[in-house]
Amino acid sequence: MNYFKLLFLFIALWTGTTLVQAQGFNWQEVEPGVWKGVVGKPESYDLLKASGATPNKAGLANIGKADFPLPQSEISAVVRDGKTYLRFPLEKKEQLYGFGLNFQTVHQRGKILQLHVDHYGGKDNGRTHAPVPFYVSSNGYGVFVNSARYLNVYAGSGVRVDSKNPPVAKDRNTDKSWTSRPYSDAVEILVPAEGVEVYVFGGPRPLDAVKRYNLFNGGGYLPPRWGLGFTQRVRTLYNEEQVKEEAKLFADKGYPLDFIGLEPGWQSKAYPCTFEWDKGRFPDPARFVKDMKNVGIRVNLWTNPYVSPEASIFKSIKPFTGSHSVWVGAVPDLTMPEAQKIFWNQFEKDHVNIGVSGYKIDEVDGYDHYLWPDIATFPSGISAEQMRQTYGLLVQKQSAELFKKNNTRTFGLVRASNGGGTSFPYVIYNDYYNHEDFITALINSGFAGVLWTPEVRASKTGEEWLRRFQSNVFSPMAMINAWASGTKPWTYPEVADQVKEMALLRMQMMPYWYTEFAKYHFEGTPPFRAMNLEDGFMMENKQEVAYASNVNLEENPYAEAVAKEVKDQYMAGEYLLVAPMFAGQTTRKVILPKGRWYDFYTGEFVGDGQVLTVTPGLDKIPVYVKDGGIIPMMPPMLHAPKAGEKVNLEIRHYGEKPGTYKLYDDDGETFDYEKGKFSWREVKVERQKNGKMKGTIAKAQAGKPNNFENVTWKFMTQK
Ligand code: GAL
């Protein structure tokens, strides 16, 4: 024991106070710009264990070194009464983002949350599908608490008496500046365990911290090309003929379709599930999946993981299931190899081996009334709480391995995830249906290392249908979930043409989307992300401050969270700013970051770092391109190009600046890119002496995949 600890012990004994060990952290740089700190005795099961995330070392090395971004002496950790008390400093103007998939606010400073996996219940209180304990600061760093417990977060709300910047007490009777929420200078997190591992991610920009976090978790998943096409989830209880008929309608009417999702009804029993095909509705599943593939459409299967007493695996898996059932189905303890083997063998045998392309894994989030209670026990000894926090991670990781084994990529849907889940092939969705909040969730997904789809299900009017469809096309998964409504893209005849145009635009943009997802994988940049991560947008700049003009941020930094914040526009890939329209709106404000911006559809200059008021009409979702932006496009095909299929490439350039782009290419279906079978082709647009723009693209390297031919250039901005 060193001198200080002895002295501390002495004082503690002398004053009669309980001995509280202020361990502090011993920071160790585990990757460039990533530090790990350990306090107390961390539990053996945590988020990184559950997810098995392994860092993308090459990607992290590329971002390079950073300074430790916080004053170390101001971070404290104390273990007391079986719990760990964490404290991180905050500066006056600092803003916070993240803490998982929130739906209603982007700014988190001032929030009190209990991070808890659950179906989103309409309030940002920490209960959400991916309550990732990771936050990002506008000062350019990130903090991740690697715990699979429910965490209490005070994100700049508690006022400590030992604060560096203590607020002064004011007299409410006489002082107009009195506030019910005096200034707080700390993020404090209570971890219900006797120790925890914490990671700090360096900047310098907030986006760098996000990239480091994503790469530390393996980088984003590189979806198969078809995963970025269109998907339709058909009505529950559909049989083989009905599915085929629906697919045929898409083809006949000329709407793109890459995969169809079967909802409850393909299994002999559901809620709980058998994971076996229903022989009446699907007499020959292998033939069905093959027939679909022959017309260019893959099959995705809905399921929840709760095992029906009538499932053939029920007896064998029973010893490896929890003390409580869900809908009277057994809950496999998926931390146990025995349970994993029995469970996933069934999936492999009946689905993956006949060519099923992926899953939608439902009901792994909540609600409390359905799921196992916190008092449940599991044979592995993992607590019900930890199981709840990580079940989404476990099903994603383990199902992904079924496809990886076959060197085939998958892409599906899941309703729960958590920290460490960045590299899984899943997009989160839910049953909530507020279009505005869906967009805010899309923005926040970029701070949480997860993907989110603002799925379209049904609408009151054609206008709403089109508005929802437009934003869905600018999201990770373009889809209709018609499980209850039976809707199709053309269900509202008055907007059927516009919907088709949007769906085809999604297909045209596939080279762009695919490259942006490759950047998520190799560089950690979230393909869909907040304006706050965009250079020239931060609150120090006039735009955001103007938006929250009635708020004095210096005096009251968390006020912005309650002020009207920018939560309805976002960045999609490197160059696009998307500003969705909502039903009932004919006009909206768009906040442009500093720099010149151009209309995506016409190439016209729209503004430079200002607040626009736009009236786009019903047919268009406002989309803007950064000066020098390059968008690679292909023809509007009905299915994603197959491995090796050559498509024409149209490269669009916007604005007056020269432009550069790195176009990603590989076979689009396998993991061969992990063995070097991929390419980044440099695209350049330069102004020639005669004032005209000229584009060049690096030749496809011999021996590398090349899916493009016949490059044409479109200089969208005419001088
Ligand atoms: C819900 C799910 C829906 C749909 C439905 C089918 O839990 O969120 O998208 O799949 O189950 O019963």
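Here's the deal with the overall build of the protein
Then comes step 1: Scanning the protein for helices and strands turns up 15 helices and 34 strands.
Then comes step 2: The C-alpha atoms of the protein give 26 Å as radius of gyration, which agrees with the globular expectation for 719 residues (27 Å, within 12%).
Then comes step 3: A separation threshold of at least 6 residues defines the contact pool for the protein, and within that pool the share at least 24 residues apart is 73%.
Then comes step 4: Total accessible area computed for the protein in this model is approximately 27,400 Å², and 52% of it derives from carbon and sulfur atoms.
Then comes step 5: Charged side chains in the protein number 84 positive and 80 negative. The centres of these two groups are separated by 3 Å.

Things to note about unusual backbone geometry
Then comes step 1: Backbone torsion omega between glycine 203 and proline 204 reads 15°, so that peptide bond is classified as cis.
Then comes step 2: Along the polypeptide, proline 204 turns up in the loop between β13 (195–201) and α4 (206–216).
Then comes step 3: Cis geometry is found at the peptide bond from tyrosine 271 to proline 272, where omega equals 5°.
Then comes step 4: Structurally, the position occupied by proline 272 is in the loop between β15 (259–262) and α6 (285–294).
Then comes step 5: Its identity is not glycine, yet valine 328 carries a phi of approximately 65°, on the positive side.
Then comes step 6: Its location among the elements puts valine 328 in the loop between α7 (314–317) and α8 (337–350).
Then comes step 7: Within the chain, glutamate 363 stands out as a residue other than glycine whose phi angle is a positive 65°.
Then comes step 8: In this structure, glutamate 363 sits in the loop between β17 (358–361) and α9 (384–404).
Then comes step 9: The class of glutamate 363 is buried, set by a relative accessible area of 6%.

A short note on the sheet that holds strand β33 (residues 693–697)
Then comes step 1: Taken in spatial order, the three strands of this open sheet run β31-β32-β33, and their pairing is antiparallel. For this open sheet the edge positions go to β31 (659–665) and β33, each flanked by a neighbour on one side alone. Strand after strand, the sheet turns through a mean of 20° between neighbouring axes, direction not considered.
Then comes step 2: Judged from the five bridges that link them, strand β32 (residues 679–687) and β33 form a sheet pairing that is antiparallel. When the bridges of β33 are listed, valine 683 appears paired with isoleucine 697.
Then comes step 3: Against the sheet, helix α13 (residues 510–523) makes contact with β31 and β32, and its axis sits at roughly 85° relative to β31, the strand it touches most.

Comments concerning the site of the ligand
Then comes step 1: Around the ligand, a shell composed of Glu263, Pro264, Tyr271, Trp302, Lys360, Asp362, Glu363, Arg415, Tyr429, Asp431, Asn481 and Trp483 is seen.
Then comes step 2: In this structure, glutamate 363 approaches the ligand through a side-chain N or O atom, which is 2.8 Å from an oxygen atom.
Then comes step 3: In the complex, the protein chains occlude 95% of the 310 Å² of accessible area that the ligand would expose alone.
Then comes step 4: Tallied by class, residues from the shell around the ligand come to five nonpolar, one polar and six charged.

Quick word on the domain arrangement of the protein
Then comes step 1: What the domain assignment lists for the protein is domain 1 (18–167 + 178–216), domain 2 (225–523), domain 3 (528–619) and domain 4 (630–715).
Then comes step 2: With centres defined by C-alpha atoms, the gap from domain 1 to domain 2 works out at 30 Å.
Then comes step 3: The partner domain 2 presents 48 residues to the 45 residues of domain 1 that form the contact.
Then comes step 4: Taken together, both faces of the contact between domain 1 and domain 2 bury some 3,700 Å²; the carbon and sulfur share is 57%.
Then comes step 5: For the domain 1 face of the interface with domain 2, the top three residues by lost area are Tyr45, Phe103 and His119, together amounting to 19%.
Then comes step 6: Counting the contacts that link domain 1 with domain 2 gives three salt bridges.

Some thoughts on the pairing of strand β5 (residues 83–89)
Then comes step 1: Within β5, five of the seven residues are buried, which leaves the element mostly enclosed by the surrounding structure.
Then comes step 2: Pairing of strand β4 (residues 76–80) with β5 involves five bridges; the strand directions are antiparallel. By the bridge assignment, serine 76 is partnered in β5 with arginine 87.
Then comes step 3: Between β4 and the antiparallel strand that follows it, β5, lie two residues; aspartate 81 among them carries a positive phi value of about 55°.
Then comes step 4: As paired elements, β5 and strand β12 (residues 186–191) share six bridges and run antiparallel to each other. Pairing of proline 89 across the sheet is with alanine 186, part of β12.

Quick notes on the rules
Residues numbered from 1 in each chain as written. Predicted model: local features only at pLDDT ≥ 70, side-chain atom pairs only at ≥ 80, totals over all residues. Heavy atoms only, no water. Helix = DSSP H or I, 4+ residues; strand = E, 2+ residues; numbered from the N terminus. Rg over C-alpha atoms; globule rule 2.2 N^0.38 Å. Contact = heavy atoms within 4.5 Å. Areas by Shrake-Rupley, 256 points an atom, 1.4 Å probe, with all protein chains shown as cover. Lys, Arg positive; Asp, Glu negative; His and termini not counted. Charge placed at Lys NZ, Arg CZ, Asp CG, Glu CD. Buried < 20%, exposed > 50% of the residue type's maximum accessible area, 1.4 Å probe, protein only. Pairing = 2+ DSSP bridges. Axes fitted to C-alpha atoms, helices over the stretch in contact; angles between N-to-C directions. Near = heavy atom within 4 Å. Polar contact = N/O pair within 3.5 Å; in protein donor to acceptor, adjacent residues only side chain to side chain. Nonpolar A, V, L, I, M, F, W, Y, C, P; charged D, E, K, R; others polar. Domains from an automatic or database assignment. Buried area = accessible area lost by both parts, 1.4 Å probe. Salt bridge = Lys/Arg side-chain N within 4 Å of Asp/Glu carboxyl O.

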